[in-house]
Amino acid sequence: MFAIPLAWLQLKRERIRLLVALAGIGFAVILMFVQMGFQDALFDSSVRLHQNLEGEVFLISPQSTALIAMRSFSQRRLYQALAYEGVESVSPIYLGFAFWKNPVDRSTRSILAIGFDPANPVFSPEVVPNLEPIRLPNVVLFDDKSREEFGPIAQLYNQGNPVITEIDGRRVAVGGLFSLGASFGADGNFITSDLNFLRIFTRRKMGLIDVGLIKLKPGADSQKIVSQLKRDIQEVTKDVVVLTKSELIEFEQNYWKSSTAIGFIFTLGAAIGFVVGTVIVYQILYTDVSDHLAEYATLKAMGYKNLYLLSVVFQEALILSVLGYIPGFFLSIGLYNLTHNATALPIGMTPARAILVFCLTVIMCIISGAIAVRKVQDADPADIF
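In this text, all values refer to a predicted model and were calculated from it rather than measured experimentally.

## Structural notes on the overall build of the protein
Within the protein, the secondary structure is distributed over 13 helices and eleven strands. By the compact-globule yardstick of 21 Å for 385 residues, the protein is too spread out, its C-alpha radius of gyration being 29 Å. On the principal axes, the C-alpha backbone points of the protein span a range of 95 × 50 × 30 Å. Counted over contacts in the protein with a minimum sequence separation of 6, partners at least 24 positions apart contribute 79%. With an accessible surface of roughly 18,400 Å², the protein has 59% of that area assigned to carbon and sulfur atoms. Across the protein, the 33 positively charged side chains and the 34 negatively charged ones have centroids separated by 4 Å.

See the structure below:
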């Protein structure tokens, strides 16, 4: 079967057709990579804040649907958790969207505000190394991974220049930087104290928080404490929901998967890429088989079985899938880097996605070969006369 590379010889005989086929397959590969990459970036960025919160148990309002649509509840529910054995500390967190004024061009853009008591940090020192500046009135920490539209804040601060701007019309100073990153829901972030948060959001009331963070003592049984909190607070008061960290992350991801059209659109885009690639490969293989139908009939007359002829077509499909995947893979890496630099989203090539798209490419070409191979069965030795 492999003594004579008939499949390869047939493909390379028509070089223009081969290049067109590889371009079509490469386009389908890029489309699948881009759609899957955007979808993963959506889900990863949407829970970046959640993953960096240093807590094991969280309280949110049952009316909250996602980070971009949180509802407030009384912090009294959070402080009730201090009565349970195994709870080390609690931290109220305020969340809200405000308009940040670019200090250079004076344009405004919506930004996510995160407020909490600096005495009870909610982020690790690796994410937020210094909270002392926000103890001062009207001082914030700016996320240096926010989009460029907020201004060259990190550059100005690192140069030692004072950075003064406005948030919802209130004059504030940037007292430091931290690294969290943008998401589909928030183009940028800043951190401040709970008191400064209430100075910016004048309509918010002290004690009405958006997330309650609970830290447990080392060795504490988290599942037992969560069960107790759900039984004594969630089921009795009905005004909070108790979640573990993994449940909070799942809660956020489910919103983007099922409650928005974005996740569906990206999945549909990847499926369209698969279908487009299948059609292109089918057209190439069908044309190739039609052009060489007399040769296939000759091989039949020489004693070659249908199985051999079918294997030639499937070999062509496999060769096309590999050769088309390689340029699509490297071009997709370039597009990932371009998108990351332009949007600050966590998008990049992963081994799992590379393997998945390669398998889909092979399946795509095999399906096309299976459809086109029916033409080979029509090859009759009488056709050579």
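Alright, that's what it looks like, and here's the rest.
## Here's the deal with the nonpolar core
The biggest cluster of nonpolar side chains holds 37 residues, and the ones touching the most others in it are Trp 100, Phe 142, Ile 167, Phe 190, Ile 214 and Leu 229. Counting residues per element, this core draws most heavily on strand 3 (residues 87-101), at five residues. When sequence neighbours within four positions are dropped, the list of residues in contact with Phe 142 reads Trp 100, Ile 111, Phe 150, Ile 153, Val 174, Gly 176, Leu 177, Phe 178, Asn 189 and Phe 190. Ranked by size, the runner-up nonpolar core spans 27 residues in total, among them Ala 21, Ala 28, Met 36 and Phe 329.

## Section: the packing of helix 2 (residues 15-46) against helix 12 (residues 351-372)
Relative to each other, helix 2 and helix 12 sit at 140 degrees, their axes nearing to 10 Å. Along this stretch, helix 2 crosses helix 12, giving a crossing that reads as right-handed. Contacts from Ile 25, Ala 28, Val 29, Met 32, Phe 33, Met 36, Gly 37 and Asp 40 of helix 2 reach helix 12 at Arg 353, Ala 354, Leu 356, Val 357, Leu 360, Thr 361, Met 364 and Cys 365. Each residue belonging to the contact of helix 2 with helix 12 can be placed in one class, and the counts come to twelve nonpolar, two polar and two charged.

## Notes on the environment of Ile 272
Secondary-structure assignment places Ile 272 in helix 9 (residues 262-291). When the C-alpha atoms of Ile 272 and Lys 215 are compared, they prove to be 46 Å apart, with 57 residues separating the residues in sequence.

## Observations concerning unusual backbone geometry
The backbone phi angle of Asp 168 is positive, close to 50 degrees, even though this residue is not glycine. Structurally, the position occupied by Asp 168 is in the loop between strand 6 (164-167) and strand 7 (170-178). If you check the backbone angles, Lys 238 has positive phi at about 65 degrees while not being a glycine. Topologically, Lys 238 is positioned in the loop between helix 7 (222-237) and strand 11 (241-244). What makes Lys 238 exposed here is its relative accessible area of 60%.

## Focus on a negative patch on the surface
Together, Glu 54, Glu 56, Glu 88 and Glu 126 make up a negatively charged patch on the protein surface. You can see Glu 54 is positioned in the loop between helix 3 (48-52) and strand 1 (57-60). Among the residues examined, Glu 54 registers a relative accessible area of 36% and is labelled partly exposed.

## Remarks on helix 7
Its 16 residues place the ends of helix 7 21 Å apart at the C-alpha level, agreeing with the 22 Å of an ideal helix rising 1.5 Å per residue. Of all bends in helix 7, the biggest is about 35 degrees, found at Lys 230. Turning to helix 7, its buried residues number three or more, namely Ile 225, Val 226, Gln 228, Leu 229 and Ile 233. Between the side-chain oxygen at the start of helix 7 and the backbone nitrogen of Gln 223 there is a gap of 3.3 Å, and the oxygen is on Asp 221. Immediately beyond the C-terminal end of helix 7, within one or two residues, lies Lys 238, with a positive phi of roughly 65 degrees.

## Let's talk about the packing of aromatic side chains
Enumeration according to the criterion identifies 13 aromatic pairs in this entry. Pairwise contacts between aromatic rings join Phe 33, Tyr 325, Phe 329, Phe 330 and Phe 358 into one cluster. The positively charged end of Lys 257 is found above the aromatic ring belonging to Phe 43, 5.3 Å away from the centroid.

## Focus: the pattern of salt bridges
Going through the model one piece at a time under the given rule, you end up with nine salt bridges. For the salt bridge of Arg 77 with Asp 239, the shortest nitrogen-to-oxygen distance reads 2.9 Å. Here Asp 239 lies in the loop between helix 7 and strand 11 and Arg 77 lies in helix 4 (residues 76-80), a separation of 162 residues in the sequence. Across the pair Arg 135 and Glu 132 runs a salt bridge whose closest N-O atoms are separated by 3.3 Å. According to the relative accessible area criterion, Glu 132 is partly exposed, its value standing at 48%.

## Some words on the state of the cysteines
Evaluated as defined, the whole model comprises zero disulfides. With no disulfide of its own, Cys 359 has Cys 365 as its nearest cysteine by sulfur position, at a separation of 12 Å. With a relative accessible area of 38%, Cys 359 lands in the partly exposed category.

What counts and how
- Residues numbered from 1 in each chain as written.
- Predicted model: local features only at pLDDT ≥ 70, side-chain atom pairs only at ≥ 80, totals over all residues.
- Heavy atoms only, no water.
- Helix = DSSP H or I, 4+ residues; strand = E, 2+ residues; numbered from the N terminus.
- Rg over C-alpha atoms; globule rule 2.2 N^0.38 Å.
- Contact = heavy atoms within 4.5 Å.
- Areas by Shrake-Rupley, 256 points an atom, 1.4 Å probe, with all protein chains shown as cover.
- Lys, Arg positive; Asp, Glu negative; His and termini not counted.
- Charge placed at Lys NZ, Arg CZ, Asp CG, Glu CD.
- Core = buried A, V, L, I, M, F, W, Y, C linked by side-chain atoms within 4.5 Å.
- Buried < 20%, exposed > 50% of the residue type's maximum accessible area, 1.4 Å probe, protein only.
- Axes fitted to C-alpha atoms, helices over the stretch in contact; angles between N-to-C directions.
- Left-handed = near helix turned anticlockwise from the far one by under 90°.
- Nonpolar A, V, L, I, M, F, W, Y, C, P; charged D, E, K, R; others polar.
- Patch = residues over 30% accessible without salt bridge, like charges linked within 9 Å, V, L, I, M, F, W, Y side chains within 5 Å.
- Salt bridge = Lys/Arg side-chain N within 4 Å of Asp/Glu carboxyl O.
- Expected span 1.5 Å × (residues − 1).
- Bend = angle between axes of the 7 residues up to and from the residue.
- Polar contact = N/O pair within 3.5 Å; in protein donor to acceptor, adjacent residues only side chain to side chain.
- Phe/Tyr/Trp six-rings, centres within 6.5 Å; stacked < 30°, edge-to-face > 60°.
- Lys NZ or Arg CZ within 6 Å of the ring centre and 35° of its normal.
- Disulfide = S-S within 2.5 Å.

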